[in-house]
Amino acid sequence: MTEFYRTAMALVSDRLDEWEAIWRTDALTAATRTGEQLASLRAGDGDYLLRAGIRVIPAPEPSARRFGMCGLLDTYAVRPR
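All of the points below concern the structure found in this document. Note that the structure is a prediction, hence the values are computed from the model and not measured.

**A look at the overall build of the protein**
Looking only at helices and strands, one finds two helices and two strands in the protein. Against the globule reference of 12 Å for 81 residues, the protein gives a C-alpha radius of gyration of 19 Å, more extended than a compact globule. Principal-axis analysis of the C-alpha atoms gives the protein an extent of 55 × 35 × 20 Å. For the protein, with 81 residues in total, the buried portion stands at 1%. Accessible surface for the protein amounts to roughly 7,700 Å². Of this, 60% is attributable to carbon and sulfur atoms. When the 11 basic and 11 acidic side-chain charges of the protein are each reduced to a single mean position, those positions are 5 Å apart.

Below is the structure:
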């Protein structure tokens with residue numbers, strides 16, 4: 001397995017900077033925001049809830065479906081507000 005992992009790491013090494021940037025701007029940002037919201041709730045402040053909203057986005061075209069880790073993957077184009 002060691003050789004397999006070394007080979008896999010070599011295959012993706014040129015994408016690590018891109019993946020880290022995505023992680024920092026998406027997953028890490030969302031996790032940080034969640035921590036801030038939990039701290040607000042713990043302090044008895046739920047004002048951030050008043051900024052919530054609802055929006056409707058169209059479903060992707062069936063032809064846009066592709067395979068993901070667990071079957072078919074539908075991706076939605078969500079624009080930031």
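**Examining helix H2 (residues 16–42)**
Helix length check: H2, at 27 residues, gives a terminal C-alpha distance of 36 Å against a target of 39 Å (1.5 Å per residue), a fit within 8%. Its axis deflected by about 40 degrees at Trp23, H2 carries its strongest bend there. Gly44 sits one or two positions beyond H2 and adopts a positive phi of about 85 degrees.

**Concerning the pattern of salt bridges**
Overall, the coordinates contain three salt bridges when judged by the stated rule. Between Arg6 and Glu3 there is a salt bridge, and its shortest N-O distance comes to 3.9 Å. Of the two residues, Arg6 and Glu3 are both situated in helix H1 (residues 2–12); the distance of three residues between them amounts to about one turn of the helix. Here the two residues Arg6 and Glu3 agree in accessibility, since each one is exposed. With a closest N to O distance of 2.9 Å, Glu20 and Arg24 form a salt bridge. Of the two residues, Glu20 and Arg24 are both situated in helix H2; the distance of four residues between them amounts to about one turn of the helix. Given the relative accessible area of 37%, Glu20 is considered partly exposed. On the accessibility criterion, Arg24 (44% relative accessible area) is partly exposed.

**A word on the environment of Leu73**
With respect to the element layout, Leu73 can be found in strand S2 (residues 71–73). Sequence separation between Leu73 and Tyr5 is 68 residues; the distance between their C-alpha atoms is 27 Å. Leaving out residues up to four positions away in the same chain, Leu73 has contacts with Arg65, Arg66, Phe67 and Gly68.

Quick notes on the rules
Residues numbered from 1 in each chain as written. Predicted model: local features only at pLDDT ≥ 70, side-chain atom pairs only at ≥ 80, totals over all residues. Heavy atoms only, no water. Helix = DSSP H or I, 4+ residues; strand = E, 2+ residues; numbered from the N terminus. Rg over C-alpha atoms; globule rule 2.2 N^0.38 Å. Buried < 20%, exposed > 50% of the residue type's maximum accessible area, 1.4 Å probe, protein only. Areas by Shrake-Rupley, 256 points an atom, 1.4 Å probe, with all protein chains shown as cover. Lys, Arg positive; Asp, Glu negative; His and termini not counted. Charge placed at Lys NZ, Arg CZ, Asp CG, Glu CD. Expected span 1.5 Å × (residues − 1). Bend = angle between axes of the 7 residues up to and from the residue. Salt bridge = Lys/Arg side-chain N within 4 Å of Asp/Glu carboxyl O. Contact = heavy atoms within 4.5 Å.

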